[in-house]
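Observations on chain architecture
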Amino acid sequence: MIDYKIIAKPELITTRRIVANEIIEIDKQMEEIERDYCYLSPDHNDIYWDDDKAEECYLNLGKTKKYLKKSLETLNHKMAIFN
């Protein structure tokens, strides 16, 4: 019988670390895009983008971050099961 606890745990830890680092990098990229291309309207009620491609990139990064966070939750759950 294979002891899955021993096999899976190091791989999960490494994968979890990679996913967590990717989330941090996406946050940094999103902040850069916000700083360079996102502006408030003069009355501070609306946000507008200086570049449509930057807005699309920002939204795609947001979606990717959402999926990575969901993956991180799953990895944390699996690690809890193995412990």
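Counting from 1, residues in each chain are numbered in the order their sequence is written. Per-residue local features are limited, in this predicted model, to residues with pLDDT of at least 70; the limit for side-chain atom pairs, both in listing and counting, is 80 or more; totals at the level of whole chains, interfaces and linings are taken over all residues. Hydrogens and water are ignored here; the side-chain numbers use all heavy atoms of the structure.

A word on the environment of Ile-33. Note on conventions: DSSP H or I runs of at least 4 residues are helices, E runs of at least 2 residues are strands, and numbering of each starts at the N terminus. Counting through the fold element by element, Ile-33 comes out in helix H1 (residues 4-37). Throughout this description, buried means an accessible area under 20% of the type-specific maximum (1.4 Å probe, protein chains only), exposed means over 50%, and partly exposed covers the range between. Judged by its relative accessible area of 12%, Ile-33 is buried. Residues Ile-33 and Tyr-58, spaced 25 residues apart in sequence, show a C-alpha to C-alpha distance of 6.8 Å. For Ile-33, the residues in contact, after removing those within four places along its chain, are Cys-38, Trp-49, Ala-54, Cys-57, Tyr-58 and Leu-61. Any pair of residues with heavy atoms lying within 4.5 Å of one another is described as a contacting pair.

So, on to the packing of aromatic side chains. In this scheme Phe, Tyr and Trp rings, the latter by its six-membered ring, pair at centre separations within 6.5 Å, and the angle between planes marks the pair as stacked below 30 degrees, edge-to-face above 60, and tilted otherwise. Within this structure, the stated rule accounts for two aromatic pairs. When the ring of Trp-49 is compared with that of Tyr-58, the centres are 5.2 Å apart and the planes differ by 50°; the resulting orientation is tilted.

This brings us to the nonpolar core. Counting 14 residues, the largest nonpolar core has Val-19 and Ile-33 as the members making the most contacts within it. Listing elements by their share of this core, those giving two or more residues are H1 and helix H2 (52-82). The leading source of residues in this core is H2, at seven residues. Remark: nonpolar core denotes a set of buried residues (Ala, Val, Leu, Ile, Met, Phe, Trp, Tyr, Cys) joined through side-chain atoms within 4.5 Å.

The next subject is the side chain of Lys-65. Inspection of the secondary structure assignment puts Lys-65 in helix H2. Look at Lys-65 and you get buried, because its relative accessible area is 18%. Sequence-distant contacts of Lys-65, defined by excluding residues within four places in its chain, comprise Ile-23, Ile-26, Asp-27 and Met-30.

Within the secondary structure, Lys-78 sits in helix H2. On the basis of relative accessibility, which here comes to 42%, the residue Lys-78 falls in the partly exposed class.

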